[in-house]
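Fold and contact review
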Amino acid sequence: MNIQQLLLLLAIPCLLSSSCRKYLDVVPDDVATIDYAFRQRSTAEQYLFTCYSYMPAHGDVSTNPAFMAGDEIWFYYPYAIPGYDIEVAAWEIARGNQRVTDPLVSYWNGTNGASNLYQGIRDCNIFLENISKVPGMDQYEKDWWSAEAIFLKAYYHWWLLQLYGPIPIIDKNLPINASQEEVQVERMPVDSCFSYVVRTIETAMASLPDRIENQATQLGRITRPIAMAVKARVLTTAASPLFNGNTAYPNFVNSAGRPFFNQAFDPQKWVKALEACKEAIDICSGHGYRLNRFNPSVSFNLPPALQTIMDIRTAVTDNFNSEVVWGNTNSPANQIQNLAQPRINAANATNFSFWGITAVPLKIVNMFYTRNGVPVTEDRTLDFATRGAGTRTATDAEKYYIQPNYTTAAINFDREPRFYADLGFDGSILFGHGNQDLDALNHLEAKQGQYSGWGGTPNNYNITGYWPVKLVNYLNVMPTATTYSITPYAWPVIRMADLYLLYAECLNEVNGPSAEAYKWIDSVRSRAGIPPVQEAWTRYSTNPAAYASKEGLRQIIHRERLIELAFEGQRFWDLRRWKEAERTWMEPIQGWNIAQSDLLGYYQVTTLFNRSFRLRDYFWPIAEKDLLVNKNLVQNPGW
Amino acid sequence: MLLLICLTLQGRVAGYSRHGLAQPGVTQAADTIPGRAGTPASAADHKVSGTVRDSSGMPLPGVSVAVKGRPGVGTTTDMNGGFFLDIPGNDTVLVFSMMGFTPRELVVSGQKPVDIRLHASAYHLDEAVVVAFGKQKKADVVGAVTSINPSELKVPSSNLTTALAGRVAGLIAYQRSGEPGADNASFFIRGVTTFGYKKDPLILIDGVEVTTGDLARLRTDDIANFSILKDATATALYGARGANGVILIATKQGKEGRPVYSVRLENSFSQPTKNIRLADPVTYMRLANEATLTRNPLGITPYSQEKIDNTAAGTNPYAYPANDWLKVLFKDHTMNQRVDANVSGGASVARYYVSAAFMRDNGVLNVPKLNNFNNNIDLKTYSIRSNVDVNLTKSTLLITRLSGTFQDYVGPINGGAQVYNEIMHANPVLFPAFYAPDEANRFSHHILFGNYGTGNYINPYANMVKGYKTYNTSTINAQAELRQKLDFITSGLSFNAMVNTSRYAYSDITRSYQPFFYSLGSYDKASDTYTLTPINPDEGTEYLNFPAGGGTRRITTSVYFQGILNYNRVFNNKHGVSGSLVYQAQNNVSGDFTSLETSLPARNLGISGRATYNYDQRYYVEYNFGYNGSERFDRKHRFGFFPSAGIAWNVSNEGFWKNRLSRTITNLKLRATYGLVGNDAIGSPRDRFFYLSEVNMNDGAKGASFGSVLGNPYRRNGISVLRYANPDITWEVAHQANVGFDMSLWNKLNVTFDAYHTYRSNILMARASIPGTMGLANVPSANIGAATSRGIDASVDYNHTFSKDWWIQGRANFTLAMSRYDKYEEPAYEDEPWLSRTGYSLSQSWGYIGERLFIDDKDVANSPVQTFGTYGAGDIKYRDINGDGQITALDKVPIGFPNDPEIVYGFGFSVGYRALDLSMFFQGQSRSSFFINSTTTAPFADNNALLKAYADDHWSEDNRDIYALWPRLSPDVNINNAQPSTWWLRNGKFLRLKQLEIGYSLSKRLLDRCRLKTFRFYVNGSNLLSLTTFKLWDIEMAGDGLGYPVQRVINLGVQTTF
């Protein structure tokens, strides 16, 4: 080797090091950064959909606490069996296990079954800050999409407000490198939160469309009717006892010593709610939303009793039927149907391909009216007080409700159509599921060892003996003894019956009983196949004048709501805003003794759980670790 | 490997050998050039010949044979350990010495052939120690470097990493699993001082960075040198890569001479050190019923009395199954085989070392006879290595190293650990492993696997036999190194360039059928017949299938280049000067990418240097620097400069010492170093480019669907931010200080002691001050953390030869590594100072103090509220630390020792008498704690099995033992009891007999008759005994006791050379 070669060899490292910078620049240009999201219409659309993705899945028992954190449905415990994986943090709340350490269904933190709404709010704000930059988009579309993002931002605040009461309002994003002082935001009094939410929804309404033109690709996106209906709901909640003059938390004050909850009742809030309900009904009616009637393309020639039952069931299970104002397409009803489906005949006695464990406690069963449209405790023509756990055998006259000659609980007789539309039980008829033969409809047999009942196995049984079959689409079939085929539907978040009853509630709160108020209740009762309020109470109730007083009518409206909207994720919110949960949720969870195979043994009232409810349970705790990080946060009372 | 020749006398260092030895990097070229080693003496009086062997009787090539008092006269042994030497007269004292062995002196008189044995020593002054980019004589090393004799790493295992614990001072190591192919031990040099993902040391084999897996598969017989570099001066040259310490390994090179063959055969008998014991099926059912009723008196019990009675009576086992899944699925032992063979030799122009190895490791799975394929774990590893060096010119040496490792694996679909896992989650009484056919299934061709309900229960037997997984890996490494002496420019200058490329390929495939499951339909006791109900008649298959899209395929490519300029010279026999300048560049591309960012190559670029000076081998000064670039950082932080310096004083070379103390303390050197080392492997491996934001433009979890057509909606995926850009993120820096000494007493007892203090700053960590209301998709990180580690590593070895026949060796080492959070961003714990991590070990656990179990409901009512879930009498009662009347996360306190042991130690001895040798080695660890996993071991929850220990000792209403091992039973995981608490905390301390070996070597007479050079037969065993108080499973597995157990191995081996 000569010197020249040697020098060349020595030079290699030097050559390489002169291009050091290049060598280490391994990142090519055009690596995606957040700016790329707003360079095209299609990516901006993706970002808008990202904003939507935080929307609570209204029809999901895991993420919507309204199903399992209340008292409407119950599972057997322990619930876990192989092959089914379901987050039941919400149920743990009902079981009294909400906590400050890692709270359950925390929409604040996005943990234990919830989406992260503050993250959602940040994404909405990012979208709003950047949408104007997208080239080549029509201004009207930018305004429309912005309005959606604004609505979502308001809705996420609203959801947090319902769960936590006073919340920090994040109308503008703080920069990532914001100082410690800036990021330590404070909770706002509930009145400020409500007015923020309402104001923001109103801003969004200006540019939202009245109807979705392209239904195949856009149905389910926010429209002006949806925004108005939500606004009505928000204002009604603001006027309700939980938020209007709630004096239960007098010492719950912010750093300035101001109470988070207004301490004086303000009747004007009901007036505002009334106006909002009226506007919402007007715009919805104007766009053709009306109570649903079952009208299948191929007529089944149903007798009136079954027609009424199917009117009631399909108001929920028919995808975007005529009364659904807001159907959540991102929460299609799949699992919730699977959970509610009973085994319908002997051929499917070991069909475990659906879970069927959603059980309705007896207190909900007892809530339904008699066939006369009055509470079971008030009907002076029917002997419910003496029925207890007694049994009775069905006659042919009841053949569309209960299997003829089948013996079942006496309390299952003489009930309103909604009872039979909503509930499946030992002996109940279940229309559909591949069998429309009016002379040989499916019925359930639910005692131990029978095909719908507990098979002595550790899984797939209903712990009370009542299934919420209202949620189950009659089109679902069991093609073989080991399979189940579901026809899903976009979860109905808001339907017309809800708005009618909300409006009636406001009318009563503002003006007391009135023909106008009766009219809206009765339209719902009429579809449900029961007499109008005045007639029903006058003729059948032991308290015939109940509807004539404001308090009496309030009870009637409340109960009408609870029955009409049963199992739809409304009871939970209603009982809270009426501040009735502290009473209702103290009642025990009961069912029949489903481990028994004989009539006498089966029809024994069995207590499954003794719920407790404390004042603090209205508002969920803020995680302990959040309080440590943000010293400006005040914990909710009692936690 | 580089330098085997040490012509030295104790206490005195021959001038020319000092020159040779102190020269890092290039010395080999000098010393393997023929003609240098043995210089014929003048005035030869007569010839002496002989053979030098090691303690086990293997011939030792390359041993230096010198004549005492006559520097310049000597030779080295050839490949057969033989030598010829002209010696000046009778009663000459010959000195035999070699790196890694205790030198011996022998008085030679007459012409009788000499047969002498040298005994391995862990430490010797004149050893060449592999250091960063070169070698230094042990006496010249300033930094903290531990070098161990590769033979100490010889264990009966196919996995080298299992040998590390307790063998090397400064290494914290433990092994959690014994599954073939997944039994790598975890090891950390001086513990863990970072919060980032890269905690383990940099591993270099022949100068090239490799993975832990590559190290695991390296054969001990191929190793020439094994060193670990621990402090800043030792690792500085690796710059960015060296902050967690460095393991340096050099493989063997050929020696001149006739080919020498060496073969080693081993057969091992392997069994779990300890098996988990489960309760019998009847007890299982009885207690499952108790678990339900004790929590809910109205609950529906899972097992009827009739079922329990029939099971106990042993009525038809298909109708009343009672499975001992462990017995069904596992054998008690297995056999493994290993073969190692190598040949080396060469001539003056070129030398070679070629080796091949084959290992076969089997699992302990019980292969059922019903099945027609074998899915027990069968891991075959083949490796081949070829190291060739060629003298191109007198001053140019070319070395090529080629090696390949190939693995073929067949085993259960999800690995052996999963089989264990499934056993722990399998119900023992709901169904048998399989049914004997009933009337309806008489003609079925498939196995009638048992299951229940929807068929979603775990039938571990079905899951094990339904298929198998195969994988193949290939690791190929090709390296060329050129060493050029540049003495013609100036004496002592040399240049070295090396290029290496590695390819790693992996592919796997799973083949399985879908088992047909059946449940019991009915059972007629009178006729003892049953019918079966098919659970999945439409889904089962009788034929094998493979997953859509195939299996996993990965290819990793790496290219490495280094160039080194060396200078090394001694002036006036007093001033030793050396310097090195290193350029290195590395490029890795991994085929295992999950995003655009991970698909980009990982690069590293650096220039580093070392300068040393010593005065008269008494005073040493060393300076190092690393200047490194990493592609992960923003341009302004891309390069980091990391200097370090050290000093040493060889006290025993001082004049005043020699006269007084040198008889007792034959050697004493004091050392001190300080310096910085960088680390760019921070955060997580996915966080490749901190200065860029990372966005998922197509996030399926964030999309939305709209449209009236259900089942065919208009769906668009969302956009999510995975990381916010942060151009300020930069290097993590370790400030390392080390002081130590090396001491030899009477030339028999060697002590090395180091104490260190490392302050790691700029540690990347997530900001803790950002509340959730900010709505950030992920928490930004910053270089804000800091941690300290302190500790000592010490090793002692002792060698003594009593007579020609008797010798003994002892050795011990001790490692203490304690870490501490110095800066950890966390909320201001004004009222709860015990929650702060500052001041605690990086692997410290926080948990509740479990005082006892609640006595009764009154006790519950009178105690602070516990906020985790339902609880009552018999559940764990926690202490309310902050006194606020409820137990919340604020009541967590630091409990127990850290997870990673702070002390790891080992000690052992070897003793030999004539042809027999015996050695024992103990290894232990202490100051560590672990939690029994109270979720995965919770009986009945998720169909978990019931440990016998829990069945025997739990709280029940009849036996209200408030200190029972397991609290009140529950049909599910009781969240209250599952909290991390002192209740589940156990001390991880243990001491075990890691290895015992007895060997016998054939006598020379027999050997000659067989034409063998050596033949040694040995029996050894590992993990033979453990001393611990923990009884549930092998304690080294810590909290993961339900995995594949650590193995006890009894091994028979023979080794021969010819």
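Provided above is the structure to which this section pertains.
Conventions adopted
- Residues numbered from 1 in each chain as written.
- Chains lettered and ligands numbered in written order.
- Predicted model: local features only at pLDDT ≥ 70, side-chain atom pairs only at ≥ 80, totals over all residues.
- Heavy atoms only, no water.
- Helix = DSSP H or I, 4+ residues; strand = E, 2+ residues; numbered from the N terminus.
- Buried < 20%, exposed > 50% of the residue type's maximum accessible area, 1.4 Å probe, protein only.
- Contact = heavy atoms within 4.5 Å.
- Areas by Shrake-Rupley, 256 points an atom, 1.4 Å probe, with all protein chains shown as cover.
- Rg over C-alpha atoms; globule rule 2.2 N^0.38 Å.
- Lys, Arg positive; Asp, Glu negative; His and termini not counted.
- Charge placed at Lys NZ, Arg CZ, Asp CG, Glu CD.
- Pairing = 2+ DSSP bridges.
- Salt bridge = Lys/Arg side-chain N within 4 Å of Asp/Glu carboxyl O.
- Polar contact = N/O pair within 3.5 Å; in protein donor to acceptor, adjacent residues only side chain to side chain.
- Axes fitted to C-alpha atoms, helices over the stretch in contact; angles between N-to-C directions.

Here we look at the overall build of chain B
Summing up its helical and strand segments, chain B has 14 helices and 52 strands in all. Principal-axis analysis of the C-alpha atoms places the extent of chain B at approximately 105 × 70 × 60 Å. In chain B, which comprises 1058 residues, the share counted as buried stands at 61%. A separation of at least 24 residues holds for 71% of the contacts in chain B among residues at least 6 apart in sequence. Counting only carbon and sulfur atoms, one obtains 56% of the accessible surface of chain B, whose full area is about 39300 Å².

Some points on the overall build of chain A
The helix and strand inventory of chain A stands at 24 helices and 10 strands. Taking 2.2 N^0.38 as the reference for a compact globule, 639 residues should give roughly 26 Å; the C-alpha atoms of chain A span a radius of gyration of 28 Å, in line with that estimate. Taken along its principal axes, the extent of the C-alpha atoms in chain A is 115 × 65 × 50 Å. Looking at chain A as shown, the accessible area adds up to about 21900 Å², and 51% of this sits on carbon and sulfur atoms. In chain A, the 55 positive side-chain charges and the 63 negative ones have mean positions that sit 3 Å from each other.

Digging into the pairing of strand β50 (residues 990-1001) of chain B
Residues and elements named next belong to chain B. Here strand β47 (residues 916-926) runs beside β50; their pairing, made up of 10 bridges, is antiparallel. The residue of β50 that forms the bridge with Gly924 is Leu991. As paired elements, β50 and strand β51 (residues 1014-1027) share 10 bridges and run antiparallel to each other. Bridging from a neighbouring strand, Arg992 pairs with Ser1026 of β51.

What about the pairing of strand β8 (residues 490-495) of chain A?
All names here are of chain A. Of all six residues in β8, six are buried; the element is thus mostly enclosed. Bridging between strand β1 (residues 324-332) and β8 involves five bridges; their strand directions are antiparallel. Looking across to β8, one finds that Gly327 is bridged to Pro492.

Here we look at the interface of chain A and chain B
In this assembly, 89 residues from chain A lie in contact with 87 residues from chain B. Summed over the shared surface of chain A and chain B, the result is one salt bridge. Residue Glu830 of chain B pairs with Lys631 of chain A through a salt bridge whose shortest N-O separation is 4.0 Å. Counting across the chain A and chain B interface gives 19 residue pairs in polar contact (both at pLDDT 80 or more).

Remarks on the sheet that holds strand β2 (residues 64-67) of chain B
Residue and element names in this part refer to chain B. Within the open sheet, the four strands sit side by side as β3-β2-β5-β6. Their pairing is antiparallel. Across the chains shown, the open sheet's two edge strands, defined by having one partner strand only, are β3 (74-76) and β6 (104-108). For this sheet the average axis-to-axis angle between neighbouring strands, irrespective of direction, equals 20 degrees. Taken together, the five bridges between strand β5 (residues 92-97) and β6 define a ladder with antiparallel strand orientation. Bridged to Phe96 within β6 is Arg104.

Quick look at the side chain of Asn783 of chain B
All names here are of chain B. As for its placement among the helices and strands, Asn783 is situated in strand β38 (residues 781-801). In this structure the side chain of Asn783 is engaged in a polar contact, spanning 2.9 Å, whose partner is the backbone nitrogen of Thr730. Reaching out from Asn783, the side chain makes a polar contact with the backbone oxygen of Asn762 at a distance of 2.8 Å. Setting aside residues no more than four positions away along its own chain, Asn783 makes contact with Ile682, Asp728, Ile729, Thr730, Trp731, Asn762, Ile763 and Leu764.

Remarks on the pattern of salt bridges
Residues and elements named next belong to chain B. Counted under the stated rule, the structure contains 85 salt bridges over all chains. Of the charged contacts in the structure, one is a salt bridge between Glu957 and Arg968, with a shortest N-O distance of 3.9 Å. Of this pair, Glu957 sits in the loop between α13 (948-952) and β49 (985-987) while Arg968 sits in the loop between α13 and β49, and the two are 11 residues apart along the sequence. The exposure class assigned to Glu957 is partly exposed, which follows from its relative accessible area of 40%.

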